[in-house]
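# Structural description and commentary
Residue-level listing of the chains:
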Amino acid sequence: MNFFEAAQQRYSHKERFLPDSVPESALNQIATAGLAAPTGNNTQCVKLVILRERDEVQKLADIVGTEGLKTAPSAIAVLTDSEGHRAPYNFEMEDYSTAATQMLLAAVALGYVSVWLDSPFFSDETQKAARTALGASDRYHLRVVLPIGLPDGEGSRRDKLSFEERVSYGVMQG
């Protein structure tokens, strides 16, 4: 599948996953796509934890019970190293967002679905519990978890505004 097909087919899969495992080689390809993302000032502050097996994903599902984490056979946790930036600039937000986006597209290109899960980890209590489950120290911030697998049925997709409603040429319209 080419890039443009993957970009068009990507959606946020918020339903159940099939129990079929995701090969480690596919998870490594997805992670490699994320690590290839640009990083501000080349700080490379993004760190990944690949959860290869259902029991590893279950540790996070026990903390936040989203449908994706309850059923996904695999996941990738995206963390940033809070000490890994160079003053006066901090590109953690941009870096993890770009890495996560590239991994979402890579998952689709390989025939899998995923969803960007970040809001369940916003609270300090949940953040700490999730970091502990992942073996990450307080130096790291869990930014997003990407459950990865095959969909258990057709996933729901939200309508997007048209190209014309969102794009202007030369100057902003509307």
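Residues numbered from 1 in each chain as written. Predicted model: local features only at pLDDT ≥ 70, side-chain atom pairs only at ≥ 80, totals over all residues. Heavy atoms only, no water.

## Quick look at the packing of aromatic side chains
Formally: When the centres of two rings from Phe, Tyr and Trp lie within 6.5 Å, Trp using its six-membered ring, the rings pair. Their planes under 30 degrees apart give stacked, over 60 give edge-to-face, and anything left gives tilted. A 1.4 Å probe rolled over the protein chains alone gives each residue an accessible area, and that area as a share of the maximum for its type sets the label: buried under 20%, exposed over 50%, partly exposed in between.
Summed over the entire model, instances satisfying the criterion amount to 2 aromatic pairs. Between F3 and F4 the ring centres are 5.3 Å apart and the planes differ by 85°, which places this aromatic pair in the edge-to-face class. When its relative accessible area of 63% is taken as the criterion, F4 is described as exposed. Between the aromatic rings of Y96 and W116, the centroid separation amounts to 6.0 Å while the plane-to-plane angle is 45°, which identifies the pairing as tilted.

## Here we look at the pairing of strand β4 (residues 140–149)
We apply this condition: Only DSSP runs of H or I covering at least 4 residues are called helices, and only runs of E covering at least 2 are called strands; the numbering of each starts at the N terminus. Pairing between strands is defined by DSSP: at least two bridges between the two strands are required.
With respect to burial, β4 is a largely interior element, 8 of its 10 residues being buried. In terms of strand pairing, strand β2 (residues 74–81) meets β4 through 8 bridges, oriented antiparallel. Within the sheet, the bridge partner assigned to I76 lies in β4 and is L146. Bridge analysis of strand β3 (residues 113–114) against β4 gives 2 bridges, and the strand direction is antiparallel. Residue pairing across strands places S114 opposite I148, the latter belonging to β4.

## Structural notes on the confidence of the model for the protein chain
What counts here: The predictor rates its confidence in each residue with pLDDT, a number between 0 and 100.
For the protein chain, mean pLDDT is 92; residues scoring 70 or higher make up 98% of the total. Taking the mean pLDDT of every element in the protein chain, the minimum, 89, falls on helix α7 (residues 163–166) and the maximum, 98, on helix α2 (residues 24–35).

## Comments concerning helix α5 (residues 92–109)
Which entries qualify depends on this criterion: Any helix carries an expected span of 1.5 Å times its number of residues minus one. Should any heavy atoms of two residues lie within 4.5 Å, those residues are considered in contact.
Taking 1.5 Å per residue as the helical rise, α5 with its 18 residues ought to reach 26 Å, and the 26 Å between its terminal C-alpha atoms agrees with that figure. Those residues of α5 that fall on the buried side of the exposure criterion are E92, D95, Y96, A99, A100, M103, L104, L105, A106, A107 and V108. Among the structural elements, α1 (3–9), α2, β1 (46–51), β2, β3 and β4 are those in contact with the buried residues of α5. At the C-terminal side of α5, G111 shows a positive phi close to 95°.

## Section: the environment of R143
Basically, it comes down to this: As used in this structure description, the phrase polar contact means that two N or O atoms lie within 3.5 Å; if the pair is within protein, one of them must be able to donate a hydrogen and the other to accept it, and residues adjacent in sequence are counted only when both atoms belong to side chains.
As for its position among the elements, R143 is in strand β4. For R143, a relative accessible area of 16% corresponds to the buried category. Distance from R143 to D118, taken between C-alpha atoms, is 6.1 Å for residues 25 residues apart in sequence. Sequence-distant contacts of R143, that is, excluding residues within four places in its chain, are made with V78, L79, T80, E92, M93, Y96, L117 and D118. In terms of polar contacts, R143 uses its side chain to reach the side chain of T80, at 3.0 Å.

## Considerations on the sheet that holds β2
In plain terms, the rule: Only C-alpha atoms enter the line fits that serve as axes; for helices the fit covers just the stretch in contact. Angles between N-to-C directions range over 0 to 180 degrees.
The strand order across the open sheet built from 4 strands is β1-β2-β4-β3, with neighbouring strands paired in antiparallel fashion. Pairing within the sheet leaves two strands with one partner each, and these edge strands are β1 and β3. Each of β1, β2, β3 and β4 touches α5; the most contacted strand, β4, lies at about 10° to it. Of the strands in this sheet, β1, β2 and β4 touch helix α6 (residues 124–134), which is tilted by about 70° from β4.

## Details of the nonpolar core
Filter applied, for reference: What makes a nonpolar core is a set of buried Ala, Val, Leu, Ile, Met, Phe, Trp, Tyr and Cys residues whose side-chain atoms join them at distances within 4.5 Å.
By size, the foremost hydrophobic cluster in this structure holds 20 residues, and its most contacted members are I30 and I148. Contributions of two or more residues to this core are made by α2, β2, α5 and β4. It is α5 that contributes the most residues to this core, 7 residues altogether. Grouped together as the second largest cluster of nonpolar side chains are 17 residues, V57, A61, L117 and A130 included.

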